[in-house]
Amino acid sequence: SAMLLSLLLLAPAAHARAGTDPADITMAFVGDLMLADGPGKLIRAGKDPFIHVAPLLTGVDPRIGNLECVVSPKGSPEDKPYTFRAPQRSLKLLKRYFSAVSLANNHTGDFGKPAFADMLDRLERAQMPYFGGGREMRAAHRPFIAEVKGKRIGVLGYNAVFPRSFEALDDSPGNAW
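Residues numbered from 1 in each chain as written. Predicted model: local features only at pLDDT ≥ 70, side-chain atom pairs only at ≥ 80, totals over all residues. Heavy atoms only, no water.

Caption draft 1: Looking closely at the overall build of the protein. For the protein, the helix and strand inventory stands at six helices and nine strands. Put simply, the protein has 177 residues, and 46% of those count as buried. For the protein, the computed accessible surface area is about 9,000 Å², with 56% contributed by carbon and sulfur atoms. (Helix = DSSP H or I, 4+ residues; strand = E, 2+ residues; numbered from the N terminus. Buried < 20%, exposed > 50% of the residue type's maximum accessible area, 1.4 Å probe, protein only. Areas by Shrake-Rupley, 256 points an atom, 1.4 Å probe, with all protein chains shown as cover.)

Below, the structure is given as structure tokens:
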């Protein structure tokens, strides 16, 4: 439901200085991280729903996931068939396994703009980088930049799935459309 676009940004001089071939960089792009329902029950019980895939994320940088839910107790469910709210404990797991999460999808706005803005606060307090969403349009379109083996890697996230009411505007939070 979301589109991730990655860009490897290399300057020839930096490549020569670092002595690292871009082929030595391994990145992981994980699809939807829906941490409500079954995974949410595991997290609330103190269990780790990522335990079986953890070895796939070891030694990989950056590790990017699409956070397909809201991590906030605020707001009310939007009028749509499925709404996903993850427990607060999810942030610790996200921080453990991922370098950044994309917010550009059709579920980060499931509980309205106040819940989305609260989730941004919570991600920032947990020092969990995010992209594809922000407090206003310009912030929502900023890339996540990772420094890996002397290289800069930029990742952008955009949502093209309705409802469009989740879109960040000049004066309101949301995702990058």
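Caption draft 2: Structural context of the side chain of His107. Within the secondary structure, His107 sits in the loop between strand E4 (100-102) and helix H5 (112-125). Reaching out from His107, the side chain makes a polar contact with the side chain of Asp110 at a distance of 2.7 Å. Setting aside residues no more than four positions away along its own chain, His107 makes contact with Glu68, Cys69, Val70, Lys80, Tyr82, Phe84 and Phe166. (Polar contact = N/O pair within 3.5 Å; in protein donor to acceptor, adjacent residues only side chain to side chain. Contact = heavy atoms within 4.5 Å.)

Caption draft 3: Molecular detail of the packing of aromatic side chains. All chains considered together, the criterion is met by five aromatic pairs. Centre to centre, the rings of Phe50 and Tyr97 are 5.2 Å apart; their planes meet at 50°, and the pair counts as tilted. With Phe50 in the loop between helix H2 (37-44) and helix H3 (54-57) and Tyr97 in helix H4 (residues 90-97), the pair connects residues that are 47 residues apart, well separated along the chain. By relative accessible area, which is 7% here, Phe50 ends up buried. With a centroid separation of 5.3 Å and 50° between ring planes, the pair formed by Phe162 and Trp177 is classed as tilted. Remark: Trp177 occurs in the segment after strand E9 (174-175) and Phe162 occurs in the loop between strand E8 (151-159) and E9; sequence separation between them is 15 residues. Counting every residue linked through ring pairs, the aromatic cluster contains Phe50, Tyr97 and Phe98. (Phe/Tyr/Trp six-rings, centres within 6.5 Å; stacked < 30°, edge-to-face > 60°.)

Caption draft 4: Region of the structure containing the environment of Phe116. With respect to the helices, strands and loops of the structure, Phe116 is situated in helix H5. In sequence terms Phe116 and Arg135 are 19 residues apart; their C-alpha atoms lie 8.8 Å from each other. With residues near it in sequence (within four places) discarded, Phe116 still touches Leu103, Thr108, Gly133, Gly134, Pro173, Gly174 and Asn175.

Caption draft 5: Inspection of the environment of Phe98 at higher detail. With respect to the helices and strands, the residue Phe98 is situated in the loop between H4 and E4. Along the sequence, Phe98 and Pro129 sit 31 residues apart, while their C-alpha atoms lie 9.0 Å from each other. Here Phe98 is in contact with Val30, Leu33, Phe50, Leu57, Arg63, Ile64, Gly65 and Met128, once residues within four sequence places are set aside.

Caption draft 6: Region of the structure containing H4. If you check which residues of H4 are buried, you get Ser90, Leu91, Leu93, Leu94 and Tyr97. Considered in projection along H4, the buried side chains sweep an arc of 160° and stay on one side of the axis. Of the surrounding secondary structure, the elements contacted by the buried residues of H4 are strand E2 (28-33), H2, H3, strand E3 (63-67), E4 and H5. (Arc of directions from axis to C-beta.)

Caption draft 7: Structural context of unusual backbone geometry. The peptide bond linking Asp61 to Pro62 adopts the cis configuration, its omega dihedral lying at 0°. The residue Pro62 is located in the loop between H3 and E3 in this model. In the Ramachandran plot, Asp37 falls in the positive-phi region, its phi being about 45° despite a non-glycine side chain. Relative to the assigned elements, Asp37 resides in helix H2. For Gln127, which is not a glycine, the phi torsion comes out positive at approximately 55°. Position of Gln127 relative to the elements: it lies in the loop between H5 and strand E5 (130-131).

Caption draft 8: Region of interest: the nonpolar core. By size, the foremost hydrophobic cluster in this structure holds 27 residues, and its most contacted members are Leu35, Leu67, Leu94, Phe98, Val101, Leu103 and Leu123. Counting nine residues, the second-largest nonpolar core is a separate cluster that includes Ile25, Ile64, Ala100 and Ile153. (Core = buried A, V, L, I, M, F, W, Y, C linked by side-chain atoms within 4.5 Å.)

Caption draft 9: Structural detail: the pairing of E8. Taken across its nine residues, E8 has seven buried, putting it largely inside the fold. As defined by bridge partners, strand E7 (residues 144-148) adjoins E8 across five bridges and the pair is classed as antiparallel. By the bridge assignment for E8, Phe144 is matched with Val155. (Pairing = 2+ DSSP bridges.)

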